[in-house]
Amino acid sequence: MDLTEIRELIPECCNTAAIDINEFYDHKKEHLEDYLSSVKSIIVLGHHIEKFEEWVWNQFKFETEACIADVHTKEVMKKISSYIELQDHNSKIIPYSGVSGVRFKKIAAKSNLGEIGDNHLFLHRDWGPWVHLRVIITDAEIESSPQNKVDQVCIHCDNCIEACPINAIKRNDFNRQRCKDRHEKLNLSHSCEICAKNCPIGETPEKINK
Ligand code: SF4
Ligand code: SF4
């Protein structure tokens, strides 16, 4: 199967990339094999967040705790899944990290969609942190996306480090607990967004909609 066939199924607000399962370390492979033992390829879907309502960073504990972007990406994933099954292959949409333990951003960072920035968010090569990720696996062989590695996306400008009100971000270090505590203290269902808003990569929904 060719990734271009999958790309034809997805709307313009989304991007996709494929990764050969053999590019994963054995223990990560095993994790995905729990969902589909014959897995050969991973497809990552990134949806461009253009409205603040779509922005959710906190992990969902239940699949029912979805945001608008997640409902959308799941719909696109179902379309991809139906297409794969029409080609006589199996597929499995991986539940969100809070349920599956599979870190989508780590998988996406293996693709040509982007990399993990100093703010610990996945940075899409064009949209920066304003992206919602989903992952589907299949037993179809799909060639890995060309240029499987992107050039550097995070420019290490330190904007996020300086902007974070509780100093959770350091170069090559992220204090997840501090960030989580702040969210819990403020009772935020969405991320506080400060580090994302100060990242020069991509455009904030505010800028897109002005
Ligand atoms: S989301 Fe807020 S608290 Fe967490 S790292 Fe970013 S700026 Fe800091
Ligand atoms: S604000 Fe600068 S250092 Fe932080 S993630 Fe964005 S580009 Fe990287």
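Check the entry above for the structure.
Here goes a summary of the coordinates provided. (Residues numbered from 1 in each chain as written. Chains lettered and ligands numbered in written order. Predicted model: local features only at pLDDT ≥ 70, side-chain atom pairs only at ≥ 80, totals over all residues.)

Looking only at helices and strands, one finds 9 helices and 8 strands in the chain. By residue count, 32% of the 210 residues in the chain fall in the buried class. Put simply, 75% of the contacts in the chain that link residues at least 6 apart link residues at least 24 apart. (Helix = DSSP H or I, 4+ residues; strand = E, 2+ residues; numbered from the N terminus. Buried ≥ 20, exposed ≤ 12 C-beta atoms within 10 Å, placed from the backbone. Contact = placed C-beta atoms within 7 Å.)

Taken together, 14 residues surround ligand 2, and among them G117, C154, C157, C160 and C199 come closest. Each residue belonging to the shell around ligand 2 can be placed in one class, and the counts come to 7 nonpolar, 5 polar and 2 charged. (Near = placed C-beta within 6 Å. Nonpolar A, V, L, I, M, F, W, Y, C, P; charged D, E, K, R; others polar.)

Let us now look at the pairing of strand β6 (residues 131-138). Most of β6 is tucked away, with 8 of its 8 residues classed as buried. Of the two faces of β6, the one carrying V131, L133, V135 and I137 and the one carrying H132, R134, I136 and T138 are both buried. Examined bridge by bridge, strand β2 (residues 41-48) and β6 share 8 bridges and lie antiparallel to one another. Counted as the bridge partner of G46 is L133 from β6. The sheet contact formed by strand β3 (residues 91-93) and β6 spans 3 bridges and is antiparallel. Bridge assignment links K92 to a residue of β6, and that residue is I137. (Pairing = 2+ DSSP bridges.)

What follows covers helix α3 (residues 68-86). One turn of the α-helix equals 3.6 residues, which is why residues spaced by three or four share an orientation. Compared with the 27 Å implied by 1.5 Å per residue over 19 residues, the 28 Å span of α3 between its first and last C-alpha is a close match. Here α3 has its buried residues at A69, T73, M77, I80 and I84. The arc that holds every buried residue of α3, seen down its axis, measures 60°, which confines them to one face. In α3, those exposed residues whose orientation departs by more than 90 degrees from the buried face are V71, E75, S82 and L86. (Expected span 1.5 Å × (residues − 1). Arc of directions from axis to C-beta.)

So, about the nonpolar core. Core analysis: the biggest nonpolar cluster contains 44 residues, and I42, I43, V44, L133, V135 and I136 have the highest contact counts within it. Where this core is concerned, the elements lending two or more residues are β1 (14-20), β2, α3, α5 (104-108), β5 (122-124), β6 and α8 (194-197). Among the elements that make up this core, the one with the highest residue count is β6 (5 residues). Apart from residues lying up to four places away in sequence, I42 is in contact with A18, I19, I21, L32, I107, V135 and I137. (Core = buried A, V, L, I, M, F, W, Y, C linked by C-beta atoms within 7 Å.)

Across the sheet, which stays open at both edges, the 4 strands sit in the order β1-β2-β6-β3 with antiparallel pairing between neighbours. Each having just a single partner strand, β1 and β3 make up the two edges of the open sheet. In this sheet, neighbouring strand axes are inclined to one another by 25° on average, regardless of whether the strands run parallel or antiparallel. Sheet topology note: the β1/β2 ladder contains 7 bridges and is antiparallel. In the strand pairing of β2, T16 is matched with L45. (Axes fitted to C-alpha atoms, helices over the stretch in contact; angles between N-to-C directions.)

With that out of the way, let us pick up the site of ligand 1. Within the structure, ligand 1 sits among 10 residues, and C164, C179, C192, I194 and C195 are positioned closest to it. Mapped onto the shell around ligand 1, the elements with two or more residues apiece are α7 (176-186) and α8. The class makeup of the residues in the shell around ligand 1 is 8 nonpolar, 1 polar and 1 charged.

A word on the pairing of β2. In terms of burial, β2 is a largely internal element, 8 of the 8 residues being buried. The alternating pattern of β2 places S41, I43, L45 and H47 on one face and I42, V44, G46 and H48 on the opposite face, and all of these are buried.

As for its placement among the helices and strands, V153 is situated in the loop between β6 and α6 (159-163). When the C-alpha positions of V153 and F122 are compared, they lie 9.7 Å apart, and in sequence the two are 31 residues distant. Setting aside chain neighbours within four positions, we find V153 in contact with G114, E115, G117, L123, R125 and I201.

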